[in-house]
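Overview (structure and organization)
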Amino acid sequence: MSQSNVEITQEDLQLNPNLKDKPDTLTRIFFQKFMMNKLAVIGAVVLFIIILSAVFAPIISPYSFEQMNLIDKLKPPSSDYWLGTDRYGRDIFTRLLFGGQVSLLVGFGSVLGALIIGVSVGALAGYYGGIIDAILMRFVDIVISIPSFFLLITIVTIFDPSVGNLILIFALTSWTSTARLVRGEFLTLRSREFVLASKTIGTKSYKIIFSHILPNAMGPIIVSATLLVGSVILAEAALSYFGLGISPPTATWGNMLQDAQNYTVMKTAPWYPFFPGLLILLTVLSFNFIGDGLRDALDPKAIE
Amino acid sequence: MNGTTIEKKSLLKDNRDSDYILEVNDLKKHFPIKAGFLQKTVGSIKAVDGLSFKVKKGETIGLVGESGCGKSTAGRTLIRLYEPTSGEIIFKGRNISNIGEGELRRSVRKDIQMVFQDPYASLNPRKTLKSILSEPMITHNLYGSKERQEKIQDLLDKVGFNPLFINRYPHEFSGGQRQRIGIARALALNPDMIIADEPVSALDVSIQAQIINLMEDLQEELDLTYVFISHDLSVVRHISDRVGVMYLGKIMEFASKKDLYEEPLHPYTQALMSAVPVPKRKGAQARERIILKGDLPSPANPPQGCVFHTRCPAATPMCSEQIPSFKEVKKDHFVACHLY
């Protein structure tokens, strides 16, 4: 009975026509379904290119992001400066690539932080319920009620708006929706029969949480995280736009936009605000499309 | 069969001062109803309200009743998935109704397992068969990894499953196949008793028969004791030795299968029996069908006196005042009714 290398016989195939040579793993099903959503695939490709070019910015970019050529101020796109230059004669293409590093780092970093806080709080509240749930969720209600953008502005004015600080601040203000979502998922999953089965086996709570409930709640969590990255990038741009984000000469898409908010610039070099704006739009849009695609691909009902 | 099972059996012999493996005394499970800003308890749903019965080693007890009568809650409370509100659960001579979770895990979980109703919900969709079946053994630190592998093969073999499927996911299997995996998982720890909570009600009739027969074979082979919860009278009749009829969280009648099905005493049991469809032969007398009026009363506010008096065709004024005691009317035939 214990042969380890078993072959599938014709008889087995007859008994179970769904049987294929290789089992359909959940990853494969997920991948197939994701590929069906064209917009999501386009989003993923665009985002992949943006991330790659941000990561390899020092290799790709023809200039240094700080290099000023004061003779070439506000030049239109040309073969020397692919996307033109800014007010100090810096290459916009180069600055966009480096700005992408910061914007994406802030986006991913804060969402990672928000996920860690949100998932922990939501998991504890949803799994244990009762008084723990009540206390944690009232705390979430309080955090949600704080006008976060003004809080952001206040904190950023008090502390130095470095990349690290920005990530911390965004993480601390955006984890609440994740916490609520995770709590909801845990509430339904904890009374599912496979979780009860684990309990009757005697599996310990932390193992039930991490190996049974969390993997099944991952779908919605990933989707919301993806969408959150987009909104954090927007929020970072908005902060920078108010001059409260990461300060020049470090480039971010937001502070490039802010730098371009100037009548002369708008009139003589309309491409300057256009490109960072376009990149923000493309990135956030890609995240949203990917989020939608993931939502469909991870929908557990379709696996059944 | 391997060493552990044999060892366990010899342990059991020391314990056989009583024939009963499980004794349930006046078990209650009330769910609080909370309301208002401060979540004050304003009442309770009496899902299980005074359940008493005894289970002999190796037999099958059937628990029947209509939806909402508390049979599933009873099963889950027996296995301590729900904390009992009061009452005793004496398993192998030891009261397990109030021991701590750690102690429960160390000494009881291994011996009582459960088979669940919905085979589509009772297996984690993200785990392969192999990890589903090895989880119990890993949790209790049984066997080395090589032996565990063999044990899994053996379990699959027992439930009639091709062992080459072990790296597959539950979604690749049909309901009946999944239920067999559920049974294999319950067997992984060599339990003495299995609580089966409507194990076949989600399956096709032909598959139901397969699963029931499998359960019977396994019972014989592994000397298992079953508590079989179902709303299907004919399934219960097929598999059980003794049957308890539940209504609103209480047992109305408890008797051997033969007594209960051939001579039901309680008006509720009689009504249930008359509702079982039987193929009618030509010339045979039509049975009298007892139709119960009204709905099951709310378990949050059960009727005074006998809980069944609101729907009972034979109710007398006394029924709405006094709670009938659960008495032995004939040998091994218990009824809670003022008629007897």
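What you see is a predicted model, and the numbers here were worked out from it, not measured in a lab.

**Thoughts on the overall build of chain A**
The number of helices and strands found in chain A is 14 helices and zero strands. Moving toward the C terminus, one meets the helices and strands of chain A in the order α-α-α-α-α-α-α-α-α-α-α-α-α-α.

**Comments concerning the overall build of chain B**
For chain B, the helix and strand inventory stands at 10 helices and 12 strands. Compactness check: chain B gives a C-alpha radius of gyration of 21 Å against a globular reference of 20 Å for 340 residues, within 12% of the reference. C-alpha extents for chain B along the principal axes are approximately 70 × 60 × 50 Å. The buried share of chain B, taken over its 340 residues, is 41%.

**A look at the interface of chain A and chain B**
In this assembly, 26 residues from chain A lie in contact with 32 residues from chain B. Within the residue set of the side of chain A that touches chain B, elements represented by two or more residues are α10 (193-201) and α11 (205-241) of chain A. If you tally residues by element for the side of chain A that touches chain B, the top one is α10(A), at eight residues. In terms of residue class, the side of chain A that touches chain B is built from 12 nonpolar, eight polar and six charged.

**Examining the UniProt feature "domain: ABC transmembrane type-1" (unreviewed entry) in chain A**
Taking the numbering used here, the UniProt-annotated feature "domain: ABC transmembrane type-1" (unreviewed entry) corresponds to residues 100-291 of chain A. Helix makes up 85% of residues 100-291 of chain A and strand 0%, and the two end C-alpha atoms of the span are 20 Å apart.

**Concerning the sheet that holds strand β3 (residues 60-64) of chain B**
Residue and element names in this part refer to chain B. The mixed open sheet is built from eight strands, whose spatial order is β6-β7-β8-β3-β9-β10-β12-β11. Only two strands of the sheet have a single partner each, and these edge strands are β6 (112-115) and β11 (326-330). The average angle at which neighbouring strand axes cross in this sheet is 20°, direction not considered. Here strand β9 (residues 242-247) pairs with strand β10 (residues 250-256) via six bridges, running antiparallel. Looking across to β10, one finds that Val245 is bridged to Glu253. Packed on one face of the sheet, helix α6 (residues 175-187) meets β6 and β7 (193-197) and runs near 175° to β6.

**Some words on the confidence of the model for chain B**
Residues and elements named next belong to chain B. Taken as a whole, chain B shows an average pLDDT of 84; of its residues, 92% reach a score of 70 or greater. When the criterion is pLDDT under 50, residues 1-17 qualifies, and its contacts beyond four places in sequence or with other chains add up to seven contacts. Among the prediction metrics, the complex's ipTM stands at 0.83, with pTM recorded as 0.79.

**Considerations on unusual backbone geometry**
The bulk of non-glycine residues show a negative phi, and the bulk of peptide bonds are trans. Residue and element names in this part refer to chain B. Unusually for a residue other than glycine, Lys92 sits at a positive phi of about 50°. Within the secondary structure, Lys92 is located in the loop between β4 (86-91) and β5 (94-95). By the C-beta count within 10 Å, which is 21 here, Lys92 ends up buried. Not every positive phi belongs to a glycine, and Leu248 is a case in point at roughly 50°. By secondary structure assignment, the location of Leu248 is in the loop between β9 and β10.

**Observations concerning the environment of Met252(B)**
All names here are of chain B. As for its position among the elements, Met252 is in strand β10. Looking at Met252, the number of C-beta atoms within 10 Å reads 27, which means it is buried. Residues Met252 and Phe308 lie 56 residues apart in sequence; the distance between their C-alpha atoms is 8.9 Å. If we ignore the near neighbours within four places in the chain, the residues touching Met252 are Val245, Met246, Tyr247, His266, Tyr268, Thr269, Phe308 and Ala336.

**What to know about the confidence of the model for chain A**
All names here are of chain A. Put simply, chain A has an average pLDDT of 81, and 88% of its residues get 70 or more. When pLDDT is averaged over each helix and strand of chain A, the minimum, 55, is found for helix α1 (residues 10-15) and the maximum, 92, for helix α9 (residues 176-189). In this model residues 1-6 is a low-confidence stretch, pLDDT under 50, and it forms eight contacts with partners more than four residues away in sequence or in other chains.

**Concerning the nonpolar core**
Ala184(B), Ile194(B), Ile195(B), Val227(B), Val245(B) and Tyr247(B) are the most contacted members of the largest nonpolar core, which has 150 residues in total. With 16 residues, the top contributor of residues to this core is helix α5 (residues 92-128) of chain A.

**Here's the deal with the UniProt feature "domain: ABC transporter" (unreviewed entry) in chain B**
UniProt marks residues 22-273 of chain B with the feature "domain: ABC transporter" (unreviewed entry), using the numbering shown here. Taken end to end, residues 22-273 of chain B comprises 36% helix and 29% strand; its first and last C-alpha atoms sit 27 Å apart.

**Things to note about the sheet that holds β4(B)**
Residue and element names in this part refer to chain B. Sheet architecture is open: four strands sit in the order β2-β1-β4-β5, paired in antiparallel fashion. Of all strands in the sheet, those with a lone pairing partner are β2 (40-56) and β5, marking the two edges. Across five bridges, strand β1 (residues 20-35) lies against β4 in antiparallel orientation. Pairing of Glu23 across the sheet is with Ile90, part of β4. Contacting β1, β2 and β4, helix α2 (residues 71-78) crosses the sheet at an angle of about 75° to β2.

**Section: the UniProt feature "transmembrane region" (unreviewed entry) in chain A**
All names here are of chain A. As annotated in UniProt, the feature "transmembrane region" (unreviewed entry) corresponds to residues 39-60, 104-127, 139-159, 165-182, 221-244 and 271-291 in the numbering used here. The span residues 165-182 shows a helical share of 94% and a strand share of 0%, and its end C-alpha atoms are spaced 26 Å apart. Annotation note: span residues 221-244, helix share 88%, strand share 0%, distance between end C-alpha atoms 30 Å.

**Quick look at the pairing of strand β12 (residues 333-336) of chain B**
All names here are of chain B. In the sheet, β10 pairs with β12 via two bridges, with the strands oriented antiparallel. Within β12, the position partnered with Glu253 by the bridge is Val335. Where β11 and β12 come together, four bridges link them in antiparallel fashion. Each bridged residue has a counterpart across the sheet, and for Phe326 the counterpart in β12 is Ala336.

**Describing the pairing of β6(B)**
Residues and elements named next belong to chain B. The alternating pattern of β6 places Ile112 and Met114 on one face and Gln113 and Val115 on the opposite face, and all of these are buried. With four bridges joining them, β6 and β7 adopt parallel strand pairing. By the bridge assignment for β7, Val115 is matched with Ala196.

**Re α9(A)**
Residue and element names in this part refer to chain A. The end-to-end C-alpha distance of α9 is 20 Å, a good match for the 20 Å that 14 residues give at a rise of 1.5 Å each. Within α9, 10 of the 14 residues are buried, which leaves it mostly tucked inside the rest of the structure. Those residues of α9 not exposed but buried are Thr176, Thr178, Ala179, Arg180, Leu181, Val182, Arg183, Glu185, Phe186 and Leu189. Tucked into the core, α9 has its buried residues touching α5, α6 (130-145), α10 and α11.

Procedures and definitions
All residue numbers here refer to positions counted from 1 along the written sequence of the relevant chain. Chains and ligands are labelled by the order in which they are written, letters from A for the one and numbers from 1 for the other. Totals for whole chains, interfaces and linings use all residues, but because this is a predicted model, local features are given only for residues with pLDDT of at least 70 and pairs of side-chain atoms are given and counted only at 80 or more. Only DSSP runs of H or I reaching four residues or more are called helices, and only runs of E reaching two or more are called strands; each is numbered from the N terminus. Radius of gyration here is computed from C-alpha atoms only, and the compact-globule reference equals 2.2 Å multiplied by the residue count raised to the power 0.38. The burial label depends on the number of other C-beta atoms within 10 Å of a residue's C-beta. Counts of 20 or more mean buried, 12 or fewer mean exposed, and intermediate counts mean partly exposed, with C-beta atoms placed from the backbone. Distance between backbone-placed C-beta atoms decides contact: two residues are in contact if it is within 7 Å. In the scheme used here, Gly and all other residues not listed as nonpolar or charged are polar, with Ala, Val, Leu, Ile, Met, Phe, Trp, Tyr, Cys and Pro taken as nonpolar and Asp, Glu, Lys and Arg as charged. UniProt positions are given in the numbering used here, feature names are shortened, and annotations may be inferred rather than shown by experiment. The criterion for strand pairing is that DSSP finds at least two bridges linking the strands in question. Axis definition: a line fitted to C-alpha atoms, over the contacting stretch in the case of helices. Angles run 0 to 180 degrees between N-to-C directions. Each residue carries a pLDDT score, the predictor's confidence in it, ranging from 0 to 100. By our criterion, buried Ala, Val, Leu, Ile, Met, Phe, Trp, Tyr and Cys residues that link up through C-beta atoms within 7 Å make up a nonpolar core. To estimate how far a helix should extend, the number of its residues minus one is multiplied by 1.5 Å.

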